[in-house]
Amino acid sequence: MPATPAGSGSGASRNADPGSPRLLSLADDVQYVRGVGPQVARLLGKVGVATVGDLLWHVPRRYEDRTRFRAIAELRPGEWATVHGKVAAVARQSAARRGLTITRVLVDDGTAVAQIVLFQRPYLYRQFQELHRSGAEIVVYALARDAGFGPVELDRAEWEVAGGDDALSVDRIVPVYATTEGIAQRRWRRMVDVALHTHLTVVPDPVPLDARSALGLADGRDALRETHFPASAEALALARRTLAFGELLVLQTGIARRRAARAHGAGAHPLAVDAACAEREIAALVPFALTGAQRRVIGEIAGDVRRAYPMNRMVQGDVGSGKTVVALAAMLMAVRGGYQAALMAPTEILAQQHAIVLRHMLEPAGIRVELATGRASAGERAGARERLVSGAARLVVGTHALIQDDVAFERLALVVIDEQHRFGVLQRQALRRKGAAPHVLVMTATPIPRTLTLTLYGDLDTSILDELPPGRQPIRTHWKPRSSAPSVYAGVARLLASGRQAYVVCPLVEESENLQAAAATRLAADIQERYLAGYRVGLLHGQMKPAERDAAMVRFKARETDVLVATTVIEVGIDVPNAVCIVVEDADRFGLAQLHQLRGRVGRGAHASYCVLLADPKTEDGRARMEAMVATQDGFRIAEEDLRLRGPGDFAGTRQSGLPELHVADLLRDMDLMEEARQVARRIAAQDPGLERAEHRSLREAVDASAARYDLVHVS
């Protein structure tokens, strides 16, 4: 249940007439919350809290159950517990280091004594002295720790005077907030409590009453209060589910409205195609039988392009699943209908690879394939532009060169974008604008978990190629310690001796591409000298001139080199069926998705293939990545594990992807809520497209506010 957008200003809702009552708003400057003020407001800004709305939606990161007291004598090291006792003694000492003071507080509950150790806080020494003199009792929540000698230590302690007036921190489930230096947890609780009392009534609830009742959700405002100060674990669970559903409903309603707008928007070029005819033509062009998945997706595309509004479809397919053939079928539909088709790839290597494959299949059928890349000569570029604008070229493959201002088309009806996640939204839109509402097909070899597909690409129809072509060999993946490098390369030498080829991937160097290139050069020389003497070792990295890169790939494909040492430039677009082994040096430096893509460079022919990960990971995540790679070749399982390890923001690169900020909903845990929110959102969008009914007013305001803060990822 997202709040209205955070306003910047102090008193954004304050009335110009000082005599009239002030209207409350979630955009009110947080400094005006009682107990905050300008100084604390500056500290709050460090954690993104500028308004009252920000404060209310700064939900706890965890909770501590302080409803059950433990006897000190029963405490075990490593457990969090709440104890209740008298301040039995207070002592202060100076450490050897100048200026360092240590305060020790003994707490006695009648069963045993525990101690709190405080460093460099002399004011607390005075406070505890007064508590000791008065015989006061305190409630302490802390982590029990074995101090070796003497009483058990209460580490990371929070305490309150028993029977005091701070009921927010004692004898209840207590919220713990992400904070910054200078703001204690008790202050957070007081600030939030005040804001709830003053502003809860203006918090919108975007979930319509009928949906709330059908799903058994709570009132949105009650849920927000319970999220901060839950009465019980059960109340907290219901509150969290209520707020998470509200956030996802706002998101899915925005997506549903975008889909509806697309269906009623600018008209596309409807193509008179027949899926069976398209399938037969493709079958005559390619030297292998189509998989059932390819036939299914070709049929879905044919259904899309027959409509009078633009196709907006994403094809997900694991490495080697045959996406290029599906793209070819779609482009033939446009070309046979008298229109033009364009395929945009993120790198020159990949664009050239597509052009070679398409020319091999299409030119015997009389269809010219144009190639447009930045490295073409001025004359070549001018000729390509002329053929595109005149319509002589019906099919073009290119890189970013396709979206230059001087490139125009006669009748562009289909845009295919490969490895779409490597292009920004504006780049994808720029290619789309080259035609009049062209159909759009985006392809990715990076499997995307369904939870992110519904979130990031919810306004795209999705097709999944979930079969590999017959004859593809499984890839045996092994994780070896760095100390096993000699035996690993001995195994590589045996494969080379049998006539096969191999890749070696250079460790990832963060600092710069120049350093990465230098590291790859050193690795190639080292491997040649130490392990593969007598074999031909090639080199490929991003700092090479395009002609040098092309030459290195041509030599490798022609078997003029046996081993290609490379950086991650080989992650996509390299197809050498005779390469049967890939060794990834220091594999724990790479992300799971990258490792899976790199592994996909082998296993592309009829020979048994191998992926060897050389790594000594120092972290749990690093070990988990290696174990996941060994355990499965399923790209979607890899993607789910990658999402679990990295989180949705890092997985999707969402600083630029448009993933909305979710305060409560969790894309890993809340898949069921996402599905329910999507169904409710589509029903609402169908019944009330403009969200004009009274019961949808809060939802409309929340959707509009969210749209102002982020762009949902889309293509058309």
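Note that the coordinates shown come from a computational prediction; the quantities given were computed from them, not determined experimentally.

A. Molecular detail of the overall build of the chain. A count of helices and strands for the chain gives 23 helices and 20 strands. Counting the 716 residues in the chain, one finds 53% classified as buried. At a minimum sequence separation of 6, the contacts of the chain that also span at least 24 residues come to 72%. Summed over all atoms, the accessible surface of the chain reaches about 31400 Å², with 50% contributed by carbon and sulfur.

B. Layout of helix α3 (residues 122-134). Under the 1.5 Å per step criterion, the end-to-end length of α3 is 19 Å for 13 residues, consistent within 8% with the ideal 18 Å. Taken together, the buried positions of α3 are occupied by Leu124, Tyr125, Phe128 and Leu131. Seen along its axis, α3 keeps its buried residues to an arc of 125 degrees; they face one direction. At the exit of α3 stands Gly135, carrying a positive phi of roughly 70 degrees.

C. Looking closely at the pairing of strand β3 (residues 101-108). Both β3 and strand β4 (residues 113-119) contribute to a ladder of seven bridges, which runs antiparallel. Looking at the pairing, Val105 lines up with Ile116 of β4.

D. A look at the packing of aromatic side chains. Enumeration according to the criterion identifies five aromatic pairs in this entry. Ring centres of Phe128 and Trp159 lie 5.1 Å apart, and the angle between their planes is 50 degrees; on these two criteria the pair is classed as tilted. One end of the pair, Phe128, is in helix α3; the other, Trp159, is in strand β6 (residues 152-161), and 31 residues separate them in sequence. The class for Phe128 is buried, based on a relative accessible area of 1%. Lying over the aromatic face of Trp80, Arg62 brings its terminal NZ or CZ to 5.8 Å of the ring centre. In this arrangement the basic side chain of Arg186 is found over the ring face of Trp159, its NZ or CZ atom lying 5.9 Å from the centre.

E. Spatial organisation of the packing of helix α8 (residues 275-285) against helix α10 (residues 323-336). Where α8 meets α10, the axes come as close as 10 Å, and the angle between the chain directions of the two elements is 120 degrees. Taken as axis vectors, α8 and α10 run oblique relative to one another. α8 and α10 meet at a crossing whose hand is right-handed. Contacts from Ala278, Glu281, Ile282 and Leu285 of α8 reach α10 at Val325, Leu328, Ala329, Leu332, Met333 and Arg336. In the contact of α8 with α10, the residues fall into eight nonpolar, no polar and two charged.

F. Here's a closer look at the confidence of the model for the chain. A residue-level look at the chain finds 86% of positions with pLDDT of 70 or above and a mean pLDDT of 83. Confidence drops under pLDDT 50 across residues 2-20; counting only partners more than four residues distant or on other chains, this segment forms 38 contacts. Low confidence marks residues 653-657, where pLDDT is under 50. Its contacts with residues over four positions away, or in another chain, come to eight contacts.

G. Broad picture of the layout of surface pockets. Taken as a whole, the largest pocket encloses approximately 1200 Å³ of empty space. Lining the largest pocket we find 40 residues, and of these Thr324, Gln353, Val357, Asp575 and Arg604 sit closest to its centre. Looking at the lining of the largest pocket, the elements that each hand over two or more residues are α10, α11 (348-362) and α17 (546-557). Among the elements that take part in the lining of the largest pocket, α11 stands out by supplying nine residues, more than any other. The residue makeup of the lining of the largest pocket, split by class, is 19 nonpolar, 12 polar and nine charged.

H. Here's a closer look at the side chain of Ser609. Tracing the sequence through the fold places Ser609 in strand β20 (residues 609-614). In terms of polar contacts, Ser609 uses its side chain to reach the backbone amide nitrogen of Gly603, at 3.1 Å. In this view, Ser609 contacts Pro474, Ile475, Arg476, Val580, Val602 and Gly603; residues no more than four positions away in its chain are not counted.

I. Focus on the sheet that holds strand β8 (residues 312-317). With respect to topology, seven strands assemble into an open sheet ordered β10-β11-β9-β12-β13-β8-β14, the strand pairing being parallel. Each edge of the open sheet carries a strand with a single partner, namely β10 (369-372) and β14 (461-465). Neighbour-to-neighbour, the strand axes of the sheet open up by a mean angle of 20 degrees, direction not taken into account. Of the pairings in the sheet, the one linking strand β9 (residues 340-344) to strand β11 (residues 395-398) comprises four bridges and is parallel in character.

J. A look at the environment of Leu402. Following the sequence through the fold, Leu402 ends up in the loop between β11 and β12 (412-418). The spatial distance from the C-alpha of Leu402 to the C-alpha of Gly374 is 9.1 Å, given a sequence separation of 28 residues.

K. Fine view of the sheet that holds strand β18 (residues 563-566). Strand order in the open sheet made by the six strands is β15-β20-β19-β16-β18-β17, with parallel pairing throughout. Of all strands in the sheet, those bounded by a partner on one side alone are β15 (475-480) and β17 (537-540). Here the strands of the sheet are splayed against their neighbours by 20 degrees on average, with no regard to which way each runs. Looking at chain direction, strand β16 (residues 501-505) and β18 are connected through four bridges and run parallel. Residue pairing for β18: Val505 is matched across the bridge by Ala566. In the packing of helix α15 (residues 485-497) onto the sheet, the strands contacted are β15, β16, β18, β19 (579-585) and β20, and the crossing angle to β19 comes to about 160 degrees. On the sheet, α17 packs against β16, β17, β18 and β19 and is oriented at approximately 145 degrees with respect to β17.

L. Expanded view of the pattern of salt bridges. Following the criterion strictly, the structure yields 34 salt bridges and no others. The closest approach of N and O atoms between Arg296 and Glu300, which form a salt bridge, is 4.0 Å. Of the two residues, Arg296 and Glu300 both sit in helix α9 (residues 292-305), four residues apart, roughly one turn of that helix. When its relative accessible area of 27% is taken as the criterion, Glu300 is described as partly exposed. Here Arg536 ties to Asp562 by a salt bridge, and the two come within 3.0 Å at their closest N and O atoms. A residue pair is termed long-range when its members are at least 10 positions apart, and Arg536 in the loop between α16 (513-530) and β17 and Asp562 in the loop between α17 and β18 qualify at 26 residues. For Asp562, a relative accessible area of 12% gives the class buried. Each of Arg296, Glu300, Asp304, Arg307, Arg313 and Asp466 takes part in a single network of salt bridges with overlapping partners.

Cut-offs and rules
Residues numbered from 1 in each chain as written. Predicted model: local features only at pLDDT ≥ 70, side-chain atom pairs only at ≥ 80, totals over all residues. Heavy atoms only, no water. Helix = DSSP H or I, 4+ residues; strand = E, 2+ residues; numbered from the N terminus. Buried < 20%, exposed > 50% of the residue type's maximum accessible area, 1.4 Å probe, protein only. Contact = heavy atoms within 4.5 Å. Areas by Shrake-Rupley, 256 points an atom, 1.4 Å probe, with all protein chains shown as cover. Expected span 1.5 Å × (residues − 1). Arc of directions from axis to C-beta. Pairing = 2+ DSSP bridges. Phe/Tyr/Trp six-rings, centres within 6.5 Å; stacked < 30°, edge-to-face > 60°. Lys NZ or Arg CZ within 6 Å of the ring centre and 35° of its normal. Axes fitted to C-alpha atoms, helices over the stretch in contact; angles between N-to-C directions. Parallel < 35°, antiparallel > 145°, perpendicular 65-115°, else oblique. Left-handed = near helix turned anticlockwise from the far one by under 90°. Nonpolar A, V, L, I, M, F, W, Y, C, P; charged D, E, K, R; others polar. pLDDT = per-residue confidence, 0-100. 1 Å grid on protein atoms, 1.4 Å probe; cavity = no way out; pocket = protein on both sides within 12 Å on 5 of 7 lines; lining within 4 Å. Points joined across faces, edges and corners; volume = space filled by probe spheres on them. Polar contact = N/O pair within 3.5 Å; in protein donor to acceptor, adjacent residues only side chain to side chain. Salt bridge = Lys/Arg side-chain N within 4 Å of Asp/Glu carboxyl O.

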